[in-house]
Amino acid sequence: MNRTKQLFSQPLLLDGAMGTMLLKHGLKTGERPELLCLTAPDAIEQIHRDYFAAGAQVVYTNTFGASGLKLQGSGHTPDQVIPAAVAIARKAAADFGGLVALDIGPLGELLEPMGTLPFEAAYGQFREQILAGASGADLIVIETMTDLQEMRAALLAAKENSPLPVFCSMSFDEGGRTFTGCDVRAMALTLEGMGADAIGINCSLGPFEIYPIAQELAQWTNLPLLIKANAGLPAVENGETVYKIGPEEYARGMARFLDLGASILGGCCGTDPRYIAALREAVAGRSPASRQKVIRSAVCSPSQVVELDRARIVGERINPTGKPAMKQALLDGDSSYLARQGIQQAEAGAHLLDVNVGLPGLDEAAAMKQAVKALQEVLDLPLVLDSSSPAALEAALRVYCGRAVINSVSGKEESMAQVFPLARKYGAMVIGLTLDENGIPSSARERLAVAKKIRDRALSYGIPEERLLIDCLTLTVSSGQHNATETLEAAALVKRELGLKTILGVSNISFGLPAREALNQAFLSMALGRGLDIAILNPNNKGMMDAFFASATLTGQDTSCAAFLSRFAGESETKPLPSGQDMEIGHAIARGLRAQAREACLRLLSSLPPMEIVNRHLIPVLDQVGRDYEEGRIFLPQLIQSAEAAKSAFELLKETLAKKGPQTHSKGAILLATVEGDIHDIGKNIVKVVLENYGYTILDLGKDVPPAAVVQAAKERDIRLVGLSALMTTTVPSMEKTIRLLRQELPQCKVMVGGAVLTAEYAKSIGADFYAADAQQSVQFARQVLG
Ligand code: THG
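What this report covers is the structure whose coordinates are included nearby. (Residues numbered from 1 in each chain as written. Predicted model: local features only at pLDDT ≥ 70, side-chain atom pairs only at ≥ 80, totals over all residues. Heavy atoms only, no water.)

With that settled, the discussion passes to the overall build of the chain. Regarding its fold elements, the chain presents 31 helices and 25 strands. Expected size for 787 residues packed as a compact globule is a radius of gyration near 28 Å; at 28 Å, the chain falls within 12% of this value. Along the first, second and third principal axes, the C-alpha atoms of the chain reach 85 × 80 × 50 Å. Within the chain, the fraction of its 787 residues that count as buried is 59%. The contacts in the chain between residues at least 6 apart in sequence include a share of 74% that link residues at least 24 apart. Each charge class in the chain can be summarised by its mean position, and for the 76 positive and 87 negative side chains these summaries are 1 Å apart. (Helix = DSSP H or I, 4+ residues; strand = E, 2+ residues; numbered from the N terminus. Rg over C-alpha atoms; globule rule 2.2 N^0.38 Å. Buried < 20%, exposed > 50% of the residue type's maximum accessible area, 1.4 Å probe, protein only. Contact = heavy atoms within 4.5 Å. Lys, Arg positive; Asp, Glu negative; His and termini not counted. Charge placed at Lys NZ, Arg CZ, Asp CG, Glu CD.)

Listed below in structure tokens is the structure:
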């Protein structure tokens with residue numbers, strides 16, 4: 001069978017865990033598993049063979065962590081490790097007629113804005129791996145990602161540097177979100193848009209826990225679905241991580257995914273060839289259920305999906321037209337002003353935000369990119385990228401995480417030739433303006449004809465109808481009274497005859513006339529009354545918002561009047577955000593606005609001593625943010641932004657205290673380290689930022705720290721609390737060793753532990769005093785120990 005055909009045979013069986021097998025083959029703690037491709041190629045080949053023999057049709061190369069970043073310090077590079085790994089898999093595959101997937105895992109460092117790794121640097125890492133391995137592989141798999149932006153970087157790198165099909169899978173927790181808060185629906189919209197060939201879920205959970213998440217995923221994509229579940233949830237027995245379910249039960253759980261129409265199945269942590277053999281038997285002779293075509297108009301950020309299935313508001317305020325302060329902010333590169341304008345509109349009820357930064361004399365591509373990054377740092381509303389410059393649109397689309405809207409393409413040949421390829425490549429929705437080389441047609445019928453031309457051209461680029469919005473263009477009634485009715489008629493025709501969604505900028509209707517608000521509100525109501533889907537307006541204008549909610553209720557778009565009631569029954573009174581001048585410190589921190597947090601702190605310093613500010617302002621808001629995080633109201637990116645904003649206030653207080661005298665107001669010192677053999681320090685770094693914000697001094701020993709080094713540093717600095725982190729199952733024993741040594745040498749010193757593979761039960765069994773499931777919990781324990 002030819003390889004491509006084989007790849008889409010149904011069901012397609014993948015292999016099981018590599019790491020689990022390496023452990024069974026005696027991989028030592030802390031050893032980089034990928035280096036075994038160089039030092040023990042026969043062992044790796046045997047694992048591949050065992051999986052093929054069990055029935056796998058595809059094996060993943062042993063390159064999960066073979067990025068330049070992760071191999072740093074190993075004495076080897078991706079160029080050495082990856083071709084060797086691919087050759088080994090290829091050799092095993094040859095005897096079975098099997099396929100080889102170049103495996104790519106996470107880089108182990110957080111990307112901006114959660115961490116410090118820039119998007120393009122992550123892209124460069126993935127590109128290096130793809131160039132090193134794709135030529136020898138049959139497909140590329142990007143797996144176990146938890147950050148949608150990192151997944152995007154890898155997928156772009158794969159698509160831009162190789163012709164191979166790309167399968168993408170991410171790891172979710174039971175709530176259906178990844179560690180960074182990415183929603184499974186957002187993953188589907190984003191990755192399908194960007195050209196992934198199959199998407200799915202791997203690791204973290206067993207088949208039974210993954211099932212409901214996969215069910216949701218199946219509702220949001222037409223791509224083949226991939227599931228590579230763990231052998232149940234991990235538990236600790238006699239100091240070892242074990243997975244709870246055996247091959248038969250596993251296979252039963254996995255075979256259920258056929259009912260959802262999932263067609264690509266394999267195993268992750270805890271599985272071995274017996275699991276794959278059982279799975280082969282369980283699916284023998286069965287086909288995946290046929291799936292209904294999914295048609296959805298929706299946009300998203302990583303953590304928020306906005307479905308365009310009812311009337312929606314696009315906030316128009318990030319636009320320099322007629323706004324001197326916005327102009328100045330753009331010229332000064334003051335992103336925090338843009339961020340504040342965005343937050344204000346979000347709080348006023350906007351569902352999407354238009355971003356227009358076009359100004360003469362400004363590098364629009366650079367400004368767009370900066371604006372998108374600044375807005376996504378503090379907000380989860382999907383963005384509408386408003387520019388006539390293809391270069392600016394591409395700069396923005398490249399870094400935008402999620403599915404954006406391009407504003408706009410027109411019926412001009414040049415515009416369509418420039419914009420549709422971008423919409424296709426980055427998977428964006430696109431607004432089509434009903435104008436062409438001859439300008440804006442005056443009649444509704446002619447505008448409909450332009451809309452049809454745009455629709456047909458979009459389809460020819462592979463952009464489906466549900467990703468199109470048509471703007472029939474609002475012209476001011478001051479230049480012709482028929483303008484309003486012609487625009488409304490055109491929009492109604494587009495909806496009725498083409499079945500496309502419509503959007504209008506509302507306020508243009510009243511240019512050059514008095515009492516603009518009255519006209520704008522009436523026009524908005526009329527447009528919604530005739531079925532307008534999306535209105536671009538100023539959400540800070542209460543009259544317009546009232547008209548919007550009232551109209552949406554009267555047209556029945558607002559199901560059960562839910563939005564209307566929640567706006568007017570006092571449930572969620574939208575309170576306007578104070579402008580920069582008097583923004584309270586709590587609000588600035590909760591919103592992740594660093595400069596504002598510092599400014600507000602400076603103002604407080606005129607009336608309060610520094611430690612009072614910490615106790616009365618910083619700590620309560622951090623506690624609130626921590627609770628919001630634990631209870632799922634905000635996600636990791638916001639938690640980190642808030643912590644950073646608090647840090648900028650805290651730094652100001654530290655400077656003030658330093659000036660006043662040498663006494664330190666630290667609440668005590670805490671030693672943090674990622675244990676020996678483990679080079680993942682994401683978790684530890686988050687804990688560090690959070691603890692510093694609460695006024696603790698952190699002695700950070702970094703990653704891969706030997707037990708003796710921890711003990712020595714703790715002795716020298718008279719440390720009363722040590723925090724240890726381990727992310728890999730293979731390094732947990734060295735955590736246990738460190739605790740044992742600490743107990744011997746410093747019996748009074750307390751130890752808290754955390755990390756992805758740990759549980760409270762296991763933490764206890766290795767002698768820790770406290771298990772911190774997340775950064776916030778480490779604060780609770782620090783308080784107990786140090787006050
Ligand atoms: N269709 C699409 N996109 C659009 C428009 C549209 N983008 C831009 C614009 N029209 C919608 N956005 C704005 C942004 C700012 C203003 C109006 C529309 C604006 N209004 C005040 C005024 O009218 O004088 C300026 C001063 C102020 O608000 O204080 O600035 O139609 N697809």
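We are not done yet, so read on.
Here we take up the site of the ligand. Surrounding the ligand, one finds 17 residues, the nearest of these being R317, D386, N407, D471 and R516. Between a nitrogen atom of the ligand and a side-chain N or O atom of D471, the distance comes to 2.6 Å. In the complex, 75% of the free accessible area of the ligand, which totals 650 Å², lies under the protein chains. (Near = heavy atom within 4 Å. Polar contact = N/O pair within 3.5 Å; in protein donor to acceptor, adjacent residues only side chain to side chain. Areas by Shrake-Rupley, 256 points an atom, 1.4 Å probe, with all protein chains shown as cover.)

This part takes up the packing of aromatic side chains. Following the criterion strictly, the structure yields 7 aromatic pairs and no others. Pairing F564 with F568 gives two aromatic rings, centres 4.8 Å apart and planes at 50°, and the pair type is tilted. Of this pair, F564 and F568 both sit in helix α22 (residues 562-568), 4 residues apart, roughly one helical turn. We classify F564 as partly exposed; its relative accessible area is 27%. The partly exposed category is assigned to F568, whose relative accessible area is 37%. With 4.5 Å between their ring centres and 5° between their planes, F770 and F781 make a pair best called stacked. You can see F770 sitting in strand β25 (residues 770-771) and its partner F781 sitting in helix α31 (residues 775-786), a full 11 residues away along the chain. Here F770 and F781 have matching classes, each one buried. Stacked on the ring of Y211, the Lys or Arg R256 has its end atom at 4.0 Å from the ring centre. (Phe/Tyr/Trp six-rings, centres within 6.5 Å; stacked < 30°, edge-to-face > 60°. Lys NZ or Arg CZ within 6 Å of the ring centre and 35° of its normal.)

This next bit is on the sheet that holds strand β3 (residues 99-104). A sheet is described by the order of its strands in space; here 8 strands give the open sequence β1-β10-β7-β6-β5-β4-β3-β2, paired in parallel fashion. Edge positions in the open sheet fall to β1 (12-13) and β2 (58-60), since each of these has one partner strand only. Strand direction decides the pairing type here: β2 and β3, joined by 3 bridges, are parallel. Paired with Y60 across the bridge in β3 is A101. (Pairing = 2+ DSSP bridges.)

With that settled, the discussion passes to the sheet that holds strand β21 (residues 669-674). The sheet built from 5 strands is open, its strands ordered β22-β21-β23-β24-β25 with parallel pairing. Only two strands of the sheet have a single neighbouring strand rather than two, namely β22 (697-700) and β25. Relative to strand β24 (residues 750-754), strand β23 (residues 721-725) runs parallel, the two sharing 5 bridges. Looking at the pairing, L724 lines up with V753 of β24. Helix α29 (residues 732-745) rests against β23 and β24 of the sheet, and its axis sits at about 170° to β24. (Axes fitted to C-alpha atoms, helices over the stretch in contact; angles between N-to-C directions.)

As a further point, take helix α17 (residues 413-426). Helix length check: α17 (14 residues) gives 20 Å between terminal C-alpha atoms against 20 Å at 1.5 Å per residue, within 8%. Along α17, the residues that are buried comprise S415, M416, V419, F420, L422, A423 and Y426. One or two residues past the end of α17 sits G427, with phi positive at roughly 70°. (Expected span 1.5 Å × (residues − 1).)

Turning our attention to the packing of helix α18 (residues 444-460) against helix α19 (residues 483-498). Between α18 and α19, whose axes approach to 8 Å, the crossing angle comes to 45°. By the angle between their directions, the pair α18 and α19 is classed as oblique. Of the two elements, α18 crosses α19, and the hand of that crossing is right-handed. For the pair α18 and α19, the contacting residues are A444, R445, R447, L448, A451, K452 and R455 in the first and E486, T487, E489, A490, L493, V494, E497 and L498 in the second. A class-by-class count of the residues in the contact of α18 with α19 yields 7 nonpolar, 1 polar and 7 charged. (Parallel < 35°, antiparallel > 145°, perpendicular 65-115°, else oblique. Left-handed = near helix turned anticlockwise from the far one by under 90°. Nonpolar A, V, L, I, M, F, W, Y, C, P; charged D, E, K, R; others polar.)

We now examine the pattern of salt bridges. Taken as a whole and judged by the stated rule, the model has 42 salt bridges. Note that R530 is salt-bridged to E489, the shortest N-O span being 2.7 Å. Highlighted residues: R530 in the loop between α20 (516-529) and β20 (534-537) and E489 in helix α19, separated in sequence by 41 residues. Note that E745 and K715 form a salt bridge whose closest N and O atoms lie 2.6 Å from each other. Of this pair, E745 sits in helix α29 while K715 sits in helix α28 (residues 707-716), and the two are 30 residues apart along the sequence. (Salt bridge = Lys/Arg side-chain N within 4 Å of Asp/Glu carboxyl O.)

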